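Analysis of the macromolecular model
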Amino acid sequence: IVPYPAGGLTDIVSRLVGEELGRALGTSIVVDNRAGAGGQIGLQALLQAPRDGYTIALVVPATMVTLPLTNPAYQIKPLEQFEPLTIAVDTFLALVVDKKMGIQTVQQFAEHARKNPGKLNYGTPGAGTSFHFNNVILAQKLGIQAQHVPYTGEVQMLNDIAGGQLQYALASNAGKTYIDNGQVTALAVTTNQRVSSLPHVPTFKEAGVDFVSDGWVGYVAAKGTPAPVLAKLHSALVRALNAPAVQQKLNDMGYQVVGNTPEQFRKTVQHSSQRYGELLGTGAVKLQ
């Protein structure tokens, strides 16, 4: 189950992995898109399915970390109701700025922002999203202050940077077209190594800033699935992710294949939940 519409990042990754997963398990895999309610419709369908391992679901930081912290109407308790299987890929964000600012490096950006505290506006696809949390963390790392402008998605946000109405944002792979077309300037990516789809853009670490975002796509089963079934699913997923053809296609999209253990996946969720909870508690991230 992919709790998002067909055609997006999560759907494309799942169809790539699913095809290879079917080979690893000797069966056919059906990708079932059940979008709505911030992912809850699809994830509730997983919880209502038999606990036999024949139904698994895709999850992202929103469904596992940010929504449980920020949305009182979110009914799912991820680590109580799900068994983590593996993180499939790490995704990335790119710091993009209005090209008319004439800024070419992270250091130039930080200096400009420090000289103009509170005068720069940054966009996110919504208050309380992982984009929002990562922007606040980046601002703390750089020692800058900026105004948050929440959008309902990335397209209008990127259009406004290209048009000069917004100064900067952390953008997902959706920003690649704007970067390639020269509509915005990309200063750095939030990964440990350069992204193959944007090879000319340095990492934040190369720019002297210790900043890596925590975006990923993973898979879970429902709590109560037998341990031997979970082990078989995990093994098959890791085998599928490590297939050369799958790795190549995912790398070409700019995503780093992970394929970690269920315990490592669980710790990733716990660490992000704690860090984001602290940012909410101190008021660094404001939902209104």
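The residue count restarts for each chain, going from 1 along the sequence in the order it is written. Local features in this predicted model are restricted to residues of pLDDT 70 or higher, and side-chain atom pairs are both shown and tallied only at a pLDDT of 80 or more, whereas totals for entire chains, interfaces and linings draw on every residue. Think of the side-chain values as coming from all heavy atoms in the structure, minus any hydrogens and water.

Moving on to the pairing of strand β8 (residues 216-222). Accessible area is worked out with a 1.4 Å probe on protein chains only. A residue is then buried under 20% of its type maximum, exposed over 50%, and partly exposed in between. Note on conventions: DSSP H or I runs of at least 4 residues are helices, E runs of at least 2 residues are strands, and numbering of each starts at the N terminus. Counting buried residues in β8 gives seven out of seven residues, a clear majority hidden from the surface. Judged by which residues are buried, β8 turns out to be covered on both faces: Trp216, Gly218, Val220 and Ala222 on one side and Val217, Tyr219 and Ala221 on the other are all buried. Strand pairing is assigned whenever DSSP detects at least two bridges linking the two strands. Two elements, strand β2 (residues 82-90) and β8, share seven bridges in a ladder whose sense is antiparallel. The partner of Val89 across the bridge, within β8, is Val217.

Turning our attention to the side chain of Thr124. Structurally, Thr124 is set in strand β4 (residues 121-124). What makes Thr124 buried here is its relative accessible area of 0%. Two N or O atoms form a polar contact when they lie within 3.5 Å of each other; inside protein one atom must be a possible hydrogen donor and the other a possible acceptor, and for residues adjacent in sequence the pair counts only when both atoms belong to side chains. Engagement of the side chain of Thr124 in a polar contact is seen with the side chain of His148, the distance being 2.7 Å. Among all residues touching Thr124, those that are not within four sequence positions of it are Thr129, Phe131, His132, Asn135, His148, Val149, Pro150, Tyr151 and Met157. Two residues form a contact once any of their heavy atoms are found within 4.5 Å.

Topologically, Ala113 is positioned in helix α5 (residues 106-115). Setting aside its immediate chain neighbours within four residues, Ala113 contacts Leu120 and Ile144.

Let us look at the side chain of Thr86. The topology assignment puts Thr86 in strand β2. Side-chain polar atoms of Thr86 contact the backbone oxygen of Asn260, separated by 2.8 Å.

Along helix α7 (residues 154-163), the residues that are buried comprise Glu154, Met157, Leu158, Asp160 and Ile161. Buried residues of α7, viewed axially, fall in a sector of 160 degrees; they line one side. Once α7 ends, the next one or two residues include Gly164, with phi positive near 85 degrees. Arc definition: directions from the helix axis to the C-beta atoms.

On to the packing of aromatic side chains. Any pair of Phe, Tyr and Trp rings, taking the six-membered ring for Trp, is counted once the centres come within 6.5 Å. Such a pair is stacked with planes under 30 degrees apart, edge-to-face with planes over 60 apart, and tilted for the rest. Applying the stated criterion across every chain, the model contains six aromatic pairs. Both rings, one in Tyr122 and one in Tyr168, keep their centres 5.6 Å apart while their planes meet at 35 degrees; by these two values the pair is tilted. You can see Tyr122 sitting in strand β4 and its partner Tyr168 sitting in strand β6 (residues 168-171), a full 46 residues away along the chain. In this structure Tyr122 comes out as buried when scored by relative accessible area, which is 7%. Seen from their ring centres, Trp216 and Phe265 are 5.2 Å apart, and the 80 degrees between their planes marks the pair as edge-to-face. With Trp216 in strand β8 and Phe265 in helix α11 (residues 262-282), the pair connects residues that are 49 residues apart, well separated along the chain. Take Trp216: its relative accessible area is 4%, and that puts it in the buried class.

With that out of the way, let us pick up the packing of helix α6 (residues 130-142) against α11. Think of two packed helices as two axes; the pair is described by the angle between the axes and how far apart they sit. To get an axis, fit a line to the C-alpha atoms, keeping to the stretch in contact for a helix; angles then go from 0 to 180 degrees between the N-to-C directions. Between α6 and α11, whose axes approach to 11 Å, the crossing angle comes to 75 degrees. Judged by the angle between their axes, α6 and α11 are roughly perpendicular. For the pair formed by α6 and α11, the contact residues are Ser130, Phe133, Asn134, Val136, Ile137 and Gln140 on the first element and Arg275, Tyr276, Leu279 and Leu280 on the second. Its residues assigned to classes, the contact of α6 with α11 shows six nonpolar, three polar and one charged. What sets the label is the angle itself: under 35 degrees gives roughly parallel, over 145 gives roughly antiparallel, 65 to 115 gives roughly perpendicular, and the rest give oblique. By the convention adopted, Pro, Cys, Tyr, Trp, Phe, Met, Ile, Leu, Val and Ala count as nonpolar, Lys, Arg, Asp and Glu as charged, and the other residues, Gly among them, as polar.

Taken N-terminus to C-terminus, the directions of helix α3 (residues 61-70) and α11 make an angle of 30 degrees; their axes are 9 Å apart at the nearest point. Classified by the angle their axes make, α3 and α11 are roughly parallel. The crossing of α3 and α11 is right-handed. Across the interface between the two elements, Met64, Val65, Thr66, Leu69 and Thr70 of α3 pack against Val269, Ser272, Ser273, Tyr276, Gly277 and Leu280 of α11. When its residues are assigned to classes, the contact of α3 with α11 shows six nonpolar, five polar and no charged. Here is the rule for handedness: rotate from the far helix to the near one, and if that takes an anticlockwise turn smaller than a right angle the crossing is left-handed, while a clockwise turn gives right-handed.

This part takes up the sheet that holds β8. Here we have four strands laid out as an open sheet, ordered β1-β8-β2-β9, and antiparallel in their pairing. Bordering the open sheet on either side are β1 (57-59) and β9 (256-257), each of which pairs with just one other strand. Sitting on the sheet, helix α1 (residues 9-25) touches β1 and β8, and the angle it makes with β8 is about 65 degrees.

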